[in-house]
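Understanding the architecture of this molecule
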Amino acid sequence: MDPKFPPLPFYIDCLTNENVIKLYNESKSHFRAGSQRIIHRWVCSILKKHPEDIHSASLLKRIKSVVAKLRKLKTSRNYEQIDPFEKQIFRIPERFNVIPKIDNVQPKINALKKISDLYVKLGNEKKKVRRKNIKIINLKKEMEFHKELVKTPKMKTTIMQTENAKPMISSKGNQCNLTRLDGQVLHQEISYLQNEIISITNQEISDQTIPKLRERTRGNPYTNKIRECVLYCISKNVPMQNISDVIGSIVKIVNGHEIDNLPSVASIHNMSREAKAICNRQVEEAIGNSENITLMKDATSKQGRHFYGTKISGSEGEFTLGI
């Protein structure tokens, strides 16, 4: 017996429930804080076991359960079961967490490490096989897709433009042939053709050059084409304040480009006066170089108004002097 612990209070040849309860009560009388260790050492010395073979907390819990059961029997006045219960042999709790002593542990540890490494390698190989299977499946799908493209019949297509300016495709082929095609293949073909149409349209628009408005000479005058457009609008009785807007709108509709720096109203008046001066000069030259000049006059009434016109006819042609 360890000298730190008190000796057994009485001789015990058999550890019954009654003796365990007495030892439990006796251990409390020494010092309460160490009663668990005292009862543990007493039980081990009685059973001649090593202290590590019996768990002290489990032993105390078992003893308390015996005390509680005996108290319950006495409270219920069940005297017939009290005496047999006290004489019953006390059951020592088994210790399940005892580590068995194994010889040559290191080879087994090495074997376990080797097994774990092999499991890791096996998992990696399975992942590689899974990736290869996925690649094979994708390649098969791609092959099937291209086979369907090869089997696709040629269709006559026409390009139509909706209000939203989105190119659409309307097929004139046989509807029975279309039903045989896979929906995904048709969708991809339509998307591809639409993208081609959009790219071609954008290329055509980008290829169209913006018309020049001014000459790169002194004063940067307007080009002859702009002057021709202005004079043509004047000849068609377009108001001078609206000529620039008409020209800009027409160019935007035809070419898709907006033109800035169009002639102002004052510039249009100047162009009109220049054209009138040129016409007068041309008439003078025509009259001077012509023979058999004839002056013609004519009049007509329209909507209650009387219009009077004068023309000059010569070898160079006819010229209207005014109305």
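Rules used in this analysis
- Residues numbered from 1 in each chain as written.
- Predicted model: local features only at pLDDT ≥ 70, side-chain atom pairs only at ≥ 80, totals over all residues.
- Heavy atoms only, no water.
- Helix = DSSP H or I, 4+ residues; strand = E, 2+ residues; numbered from the N terminus.
- Buried < 20%, exposed > 50% of the residue type's maximum accessible area, 1.4 Å probe, protein only.
- Areas by Shrake-Rupley, 256 points an atom, 1.4 Å probe, with all protein chains shown as cover.
- Axes fitted to C-alpha atoms, helices over the stretch in contact; angles between N-to-C directions.
- Parallel < 35°, antiparallel > 145°, perpendicular 65-115°, else oblique.
- Left-handed = near helix turned anticlockwise from the far one by under 90°.
- Contact = heavy atoms within 4.5 Å.
- Nonpolar A, V, L, I, M, F, W, Y, C, P; charged D, E, K, R; others polar.
- pLDDT = per-residue confidence, 0-100.
- Expected span 1.5 Å × (residues − 1).
- Arc of directions from axis to C-beta.
- Patch = residues over 30% accessible without salt bridge, like charges linked within 9 Å, V, L, I, M, F, W, Y side chains within 5 Å.
- Salt bridge = Lys/Arg side-chain N within 4 Å of Asp/Glu carboxyl O.
- Core = buried A, V, L, I, M, F, W, Y, C linked by side-chain atoms within 4.5 Å.
- Pairing = 2+ DSSP bridges.

**Examining the overall build of the protein**
- Across its full length, the protein carries 10 helices and five strands.
- Looking at the protein residue by residue over its 323 residues, the buried ones come to 20%.
- In the form shown here, the protein has an accessible surface area of approximately 25,700 Å², with 53% of it arising from carbon and sulfur atoms.

**A word on the packing of helix α3 (residues 56-75) against helix α4 (residues 79-87)**
- The N-to-C vectors of α3 and α4 enclose an angle of 160 degrees; their axes lie 9 Å apart at closest approach. Judged by the inter-axis angle, α3 sits roughly antiparallel to α4. In this structure, the crossing between α3 and α4 has a hand that is left-handed. Contacts between α3 and α4 involve Val66, Lys69, Leu70, Leu73 and Lys74 from the first element and Gln81, Ile82, Phe85 and Glu86 from the second.
- Classifying every residue of the contact of α3 with α4 by side-chain character gives five nonpolar, one polar and three charged.

**Details of unusual backbone geometry**
- A positive phi angle, close to 55 degrees, is found at Lys48, a residue other than glycine.
- Its location among the elements puts Lys48 in the loop between α2 (35-47) and α3.

**Observations regarding the environment of Cys233**
- Here Cys233 is to be found in helix α8 (residues 224-235).
- Sequence spacing of Cys233 and Ile247 is 14 residues, and the spatial spacing of their C-alpha atoms is 8.9 Å.
- Setting aside residues no more than four positions away along its own chain, Cys233 makes contact with Val238 and Ile243.

**Quick notes on the confidence of the model for the protein**
- Considering every residue of the protein, the mean pLDDT works out to 77; 79% of them sit at 70 or more.
- Low pLDDT, under 50, characterises residues 156-172; the predicted model gives this stretch 27 contacts beyond four residues in sequence or across chains.

**Side note on α3**
- Counted at 1.5 Å a residue, the expected span for α3 with its 20 residues is 28 Å, and the 29 Å between its end C-alpha atoms agrees.
- Along α3, the positions that sit buried rather than exposed are Leu59, Leu60, Ile63, Val66, Val67, Leu70 and Leu73. The buried residues of α3 all sit within an arc of 150 degrees when viewed along its axis, so they share a single face. In α3, the exposed positions angled more than 90 degrees off the buried face are occupied by Lys61, Arg71, Lys72 and Thr75.

**Some remarks on a nonpolar patch on the surface**
- A cluster of nonpolar side chains, Leu112, Ile115, Tyr119 and Leu122, forms an exposed patch at the surface whose accessible area comes to about 440 Å².
- Along the chain, Leu112 falls in helix α5 (residues 105-151).

**Focus on the pattern of salt bridges**
- Taken as a whole and assessed by the stated rule, the structure comprises five salt bridges.
- Its salt-bridge partner being Glu125, residue Lys128 comes within 4.0 Å of it at the nearest N-O pair. In this pair, Lys128 and Glu125 are both assigned in helix α5, three residues apart and thus about one turn of the helix distant.
- Here Arg281 and Glu285 are joined by a salt bridge, their closest N and O atoms 4.0 Å apart. Linking Arg281 with Glu285, this pair stays in helix α10 (residues 265-289), spanning four residues, or about one helical turn.
- Given a relative accessible area of 53%, Arg281 falls into the exposed group.
- Exposure remark for Glu285: the relative accessible area of 46% places this residue in the partly exposed category.

**Some points on the nonpolar core**
- By size, the foremost hydrophobic cluster in this structure holds 23 residues, and its most contacted members are Leu15, Leu23, Ile39, Leu59, Ile63 and Phe90.
- The biggest single contributor to this core is α3, with seven residues.
- Excluding anything up to four places from it in sequence, Ile63 contacts Val20, Tyr24, Ile39 and Phe90.
- Judged by nonpolar contacts, the second largest core, of 12 residues, contains Ile226, Cys233, Ile243 and Ile259.

**Digging into the pairing of strand β3 (residues 294-302)**
- Little of β3 is tucked away, with zero of its nine residues classed as buried.
- Where β3 and strand β4 (residues 305-314) come together, nine bridges link them in antiparallel fashion. Bridging from a neighbouring strand, Ala299 pairs with Tyr308 of β4.
- Counting the residues in the hairpin turn of β3 and β4 gives two residues, including Gln303, whose phi is positive at 55 degrees.

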